[in-house]
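Inside the fold
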Amino acid sequence: MNATLIPANEYRRERWKNGLGWTREVLRWPAESEQWDWRVSIAEVDKGGPFSSFPGVDRELVLLSGEGMRLDFADGESVELRPPHDRCRFAGERELAAELFDGPTQDFNLMWRRERVSATLLHRPLVGPMLFFAEPGVRWLAYLISGRAMVKDRLLPMTLEQGDSVLLEPADHQRLVIEGGGELLLVRIAPLEATQAIAASGE
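Where strand E13 (residues 139-152) meets strand E16 (residues 175-191), 13 bridges bridge the pair, whose relative direction is antiparallel. Residue pairing for E16: Met-150 is matched across the bridge by Glu-179. Strand direction decides the pairing type here: E13 and strand E15 (residues 165-169), joined by 4 bridges, are antiparallel. The partner of Tyr-143 across the bridge, within E15, is Ser-165.

Side chains Met-69, Leu-71 and Phe-73 project from strand E7 (residues 69-73) onto a buried face, and the interleaved Arg-70 and Asp-72 project onto a face without burial. As judged from the 4 bridges shared by E7 and strand E8 (residues 78-81), these two strands associate in the antiparallel manner. Residue pairing in the sheet places Leu-71 in a bridge with Val-79 of E8. The turn linking E7 back onto E8 is made up of 4 residues, and Gly-76 within it adopts a positive phi angle of 105°. In terms of strand pairing, E7 meets strand E10 (residues 96-100) through 5 bridges, oriented antiparallel. Bridging across to E10, Met-69 finds its partner in Leu-100.

Following the criterion strictly, the structure yields 21 salt bridges and no others. Between Arg-13 and Glu-44 there is a salt bridge; the shortest N-O distance is 2.8 Å. In this pair, Arg-13 is assigned in strand E2 (residues 12-15) and Glu-44 in strand E4 (residues 38-45), connecting sequence segments 31 residues apart. By relative accessible area, Arg-13 is classed as partly exposed at 45%.

Strand order in the open sheet formed by 6 strands is E2-E3-E4-E11-E6-E9, with antiparallel pairing between adjacent strands. Both edges of this open sheet fall to E2 and strand E9 (87-91), since each of them pairs with a single strand only. Direction aside, neighbouring strands of the sheet carry axes that sit 25° apart on average. Direction of pairing for strand E6 (residues 57-65) relative to E9: antiparallel, over a ladder of 5 bridges.

Here 4 strands make up an open sheet; going across it, the order is E5-E10-E7-E8 and the pairing antiparallel. This sheet does not close on itself; its edge strands, each paired only once, are strand E5 (49-50) and E8.

Basis of the calculations
- Residues numbered from 1 in each chain as written.
- Predicted model: local features only at pLDDT ≥ 70, side-chain atom pairs only at ≥ 80, totals over all residues.
- Heavy atoms only, no water.
- Pairing = 2+ DSSP bridges.
- Helix = DSSP H or I, 4+ residues; strand = E, 2+ residues; numbered from the N terminus.
- Buried < 20%, exposed > 50% of the residue type's maximum accessible area, 1.4 Å probe, protein only.
- Salt bridge = Lys/Arg side-chain N within 4 Å of Asp/Glu carboxyl O.
- Axes fitted to C-alpha atoms, helices over the stretch in contact; angles between N-to-C directions.

Now the structure itself:
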């Protein structure tokens, strides 16, 4: 596998169109494309208000910091995101608004086009080594919530500080190791056709 470090100070920061917060984009795939297959960002929510609509896109939010928020969907469902790291997965076309409990929040925001890729988001403690094995077409993005980590099995080991991310892609190396202490959010992105093939085989 190949590893590409994405330091937190290189995330692209831009204001929301509705002016209610900021987004720091970690990565979009394909890069620099408005028609991305998937996108990871950190949402800085300054005040409550409506969410933008993303038809054809599924989303998952994880609370990173702040006292949390309540997501009020137009269909009557309400979901609370409380510290330390509550989460919510929902369709991007659902109409909703957020109400903050006590001040601004920061939220991990994963979005993917459901007709192109499948996405899995995992929250894991990092205690010692964590192995990643190459799978055809599968990419991982690891976001370090807290602590310090190192990507090993490379000529030059790569260090991650709190808030940094690393993209893992299939390549000549059959595996990579992330080692250290702290907490990780792990995003696994797989081509939709591969996921459907596995489901059809019954595996």
